[in-house]
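Results of the structural survey
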Amino acid sequence: MTTLPGDASALQDDFGDLAPDPGTPAAKAIEGRSLTQIAWTRLKRDKVAMVAMCVVVFMCLLGATASLIAPHLGGGPNLPHTLLIDGDTSLPKGSAGGMDSAHWLGVDPTFGRDLAARVVKGAQWSLLISFAATALTVILGLVAGLLAGYFGGWVDGIVNWLMAVFLAFPVVLFGIALASGVPPHAFGFSYVWLRVTLLIIVIGGFGWAYFGRIVRGQVLTLREKEFVDASRSLGAGELRIVFREIMPNLIAPTLVFASLAIPANILAEAAFSFLGVGIPLPEPSWGGMLNDSLSQYQYDPAYLFVPGLAIFVTVLAFNLFGDGVRDAFDPKAGR
Amino acid sequence: MITFLIRRLIQAVTVLLAVSIITFGLFFLVPKLAGADPATLFAGKVTNPDALNGIRIKLGLNHPLWRQYWDFIGGFFHSRQFDNGPDKTTCPWPCLGYSFRNDQSVSTLIADRFPITLSLAIGAPILWLSVGVLVGRTSALRPRSFADRSSMLVALAAVSLPVYFTAAVLRLFVVFTWHWLPDITYVGFTKDPVLWGKNLLLPWISLAALYAASYARFTRGSMLEVLNEDYIRTARAKGLRERTVINRHAMRPVGTLIITLFGMDVGQLMGGAILTESVFGLPGLGKLGVDAIAAHDLPIIMGVTILAAFFIVAANIVVDMFYAVIDPRVRLS
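Residues numbered from 1 in each chain as written. Chains lettered and ligands numbered in written order. Predicted model: local features only at pLDDT ≥ 70, side-chain atom pairs only at ≥ 80, totals over all residues. Heavy atoms only, no water.

1. Regarding the confidence of the model for chain A
Residue and element names in this part refer to chain A. Quick reminder of the rule: The pLDDT value tells you how sure the predictor is about a given residue, anywhere from 0 up to 100. Numbering of helices and strands runs from the N terminus; a helix is a DSSP stretch of H or I covering at least four residues, while a strand is a stretch of E covering at least two. By definition in these notes, contact holds between two residues if any of their heavy atoms fall within 4.5 Å.
Here chain A averages 81 in pLDDT, while 87% of its residues score no lower than 70. Per-element mean pLDDT across chain A ranges from 44 in helix α1 (residues 9–15) up to 92 in helix α6 (residues 115–151). Here residues 1–22 is a poorly scored stretch, pLDDT under 50, and it has 21 contacts once near neighbours within four places are set aside; other chains count.

See below:
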């Protein structure tokens, strides 16, 4: 709580939604609510988080339907428009990178491909990879943290050591090396899907150690709680205790972690694509477009700003929403 | 204290060994699966089997994998002999082998590039630590005020920006549009300290912006939490000046947390700021590693990766030792 001396209204504010509404009958007021439901009630009152959520939902819809939308935007993401390119400079004709009614965000230099279509298609890869990588991180982190925290002893020792190894690994170097070492066609994947899979594995497979530490810490305290003892004395097995007693208490930290890990993973995917080991050309990606823009951005700044702002707006919206989720679960964190 | 330190050191050594084994395995096994022989990578277009054999012997590629790894690790402790048939090469300690591409000593290459990465990892942290902590502290003292709201919004925006985008935009305006600074070429500190700072200003700012923002958010969050503790109320109740309460009582635990974060971040940065280096074309360790990966130059990749991991692990130990000194509970656990 962010109470300064004499600030009593903050206390009221935090528990206001827990207290029964004076106008409703008592029977309705006693209805039990889970922590997640309470958090959702708080989140709905957070205007900034709600606006951010709208942007997030919009971007997700855009990404999910990219294959349907992108072909109808200025001729699709991969169709060149050489007529729109100045032959001498290979830059788009017209102002602001060739923005007009047909190409809302302009076209890219050299080829003249529609940037709106490329940004939309890039959103698909960006969101797909960040969501999948976050899911992988959460699963690995939960398993590792539960094993280490609940069983302790030598299991804890091994998991802790593994986490130290993963935290000490230069992830970016490793990711670049892995992507450049794997041949373009392997394991029956197409080039694009192979890279997508690698990115998910590298980004998700290295992020778990940090989350695993959080989970381990939580489980260490949860394990000693009375409700676990109670459940055990009623004859519950280890599996039941882990899944029915401890796991539900990990929902809050998991949701908070996941909602802040997604924007971080969007940035990670963009960084790998920027370094040329993410989504392979000519397939559009935000990081790849940014890298492509670097060679002539003093002459065509629009090409730098379009993918850059796409990343910025998406990541900012996810971050604002994630902050809202964190505050909803833990009003003390405050903003 | 001593046993704590020894335990941490043993763990650090095993972590470094694991990182080196994984890297070594990865870089030898992946090309092998892809059907490439390191000797041909080294020799380029040479097809003469005798020449290839010579290279294999020189690089030790004729030994089994574990033996190559063992010899490689040996290079950290003593000089190595490379037996190339007629002539013998002595690789002085610390020996990380020779580049597959141009036969340069990897330790020399790293020593050449390291000052650039170090320059980045000195200037940027000073900037972000001072700005980040100051902003976070100011925000926490007046929560929900206009200054707090706006600075936290700016901080959130800054953590949402990719560092290479910030860097490119800064360079676009400062260098190309307004001509405030000449374009960046690295000049050594010992050669011309003023030019050194001037050239590194933009990389420092773009790198620091990201970290400063997250430090401001972190400082604010933990400061607010600490200000809510009972002992702060006690300090205020016994009539201490507000300045003393904030600086002596509240900042101490917050500072401990920040130093932990700071140590880890600087350690990570010492291994190379790949993105910043590549946007500004600074030939630091990160650039060396990326270029080596593109050229499949295994010895350089190994050297850079292990050095980067070493800095992270070393930073971990320094932070732990710092903790053990200021917090007696750590020593006992």
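Structure's up, so let's keep going.
2. Remarks on empty space enclosed by the protein
Once rolled over the atoms, a probe with the size of a water molecule shows which space is left empty. Residues and elements named next belong to chain A. Put simply, the test is: Here the term cavity refers to a set of points on a 1 Å grid, laid over the protein atoms alone, in which a 1.4 Å probe fits but cannot get out; the term pocket refers to an open set having protein on both sides within 12 Å along at least five of seven lines, with lining residues being those that place an atom within 4 Å of a point. Grid points are joined across faces, edges and corners, and a volume is the space filled by probe spheres set on the points.
Overall, the coordinates contain three cavities of 30 Å³ or more when judged by the stated rule. Volume-wise, the second largest cavity comes out at about 40 Å³. For the second largest cavity, the full set of lining residues is Gly-175, Ala-179, Arg-195, Leu-198, Leu-199, Val-202, Phe-272 and Val-277. Of all the secondary structure elements, the ones that give two or more residues to the lining of the second largest cavity are α8 (171–181) and α9 (191–222). Looking at the lining of the second largest cavity element by element, the count peaks at four residues for α9.

3. Things to note about the nonpolar core
Threshold: Grouping buried Ala, Val, Leu, Ile, Met, Phe, Trp, Tyr and Cys residues that are joined through side-chain atoms within 4.5 Å yields what is termed a nonpolar core. Exposed residues in this analysis have more than 50% of their type's maximum accessible area, buried residues have under 20%, and partly exposed residues fall in between, with area computed by a 1.4 Å probe over protein chains only. Either an automatic procedure or a domain database provided the assignment from which the domain bounds are taken.
Membership of the largest hydrophobic core comes to 158 residues, with the highest contact counts inside it found for Leu304(A), Trp128(B) and Tyr164(B). The leading source of residues in this core is helix α14 (residues 301–329) of chain A, at 15 residues. Summarising the domain contributions, this core has at least three residues from each of domain 1 (2–106) and domain 2 (110–332) of chain B. In contact with Trp128(B), other than residues within four places in its own chain, are Val133(B), Ala208(B), Tyr211(B), Ala212(B), Tyr215(B), Phe262(B), Asp265(B), Val266(B) and Leu269(B).

4. A word on unusual backbone geometry
Residue and element names in this part refer to chain B. Positioned with a positive phi, Arg-144 is a non-glycine residue whose angle comes to about 65 degrees. Residue placement: Arg-144 occurs in the loop between α5 (106–141) and α6 (146–159). Phi is positive for His-179, close to 55 degrees, though the residue is something other than glycine.

5. Quick look at the pattern of salt bridges
Basically, it comes down to this: Whenever a carboxyl oxygen of Asp or Glu lies within 4 Å of a side-chain nitrogen of Lys or Arg, that contact is scored as a salt bridge.
In total, this model carries 11 salt bridges over all chains according to the counting rule given. The shortest N-O distance in the salt bridge between Arg236(B) and Glu242(B) comes to 2.9 Å. Residue Lys287(B) is joined to Asp291(B) by a salt bridge in which the shortest nitrogen-to-oxygen separation is 3.3 Å. On the criterion of helical spacing, the pair formed by Lys287(B) and Asp291(B) is a turn pair, its members being four residues apart in helix α12 (residues 285–294). Judged by its relative accessible area of 24%, Lys287(B) is partly exposed. Judged by relative accessible area, which is 37%, Asp291(B) ranks as partly exposed. Each of Asp323(A), Arg326(A), Asp327(A) and Arg217(B) takes part in salt bridges that share partners, so that together they form one network.

6. Some thoughts on the environment of Phe329(A)
Residue and element names in this part refer to chain A. If you trace the backbone, Phe-329 turns up in helix α14. Overall, the relative accessible area of 14% leaves Phe-329 in the buried class. Each C-alpha atom of the pair Phe-329 and Arg-42 lies 8.3 Å from the other, and the pair is 287 residues apart in sequence. Sequence-distant contacts of Phe-329, that is, excluding residues within four places in its chain, are made with Leu-35, Thr-36, Ala-39, Ala-252, Leu-255 and Val-256.

7. So, the environment of His81(A)
All names here are of chain A. With respect to the secondary-structure elements, His-81 resides in the loop between α5 (66–69) and α6. Separated by 29 residues in the primary sequence, His-81 and Thr-110 place their C-alpha atoms 9.2 Å from one another. Leaving out residues up to four positions away in the same chain, His-81 has contacts with Gly-74, His-103, Phe-111, Gly-112, Arg-113 and Asp-114.

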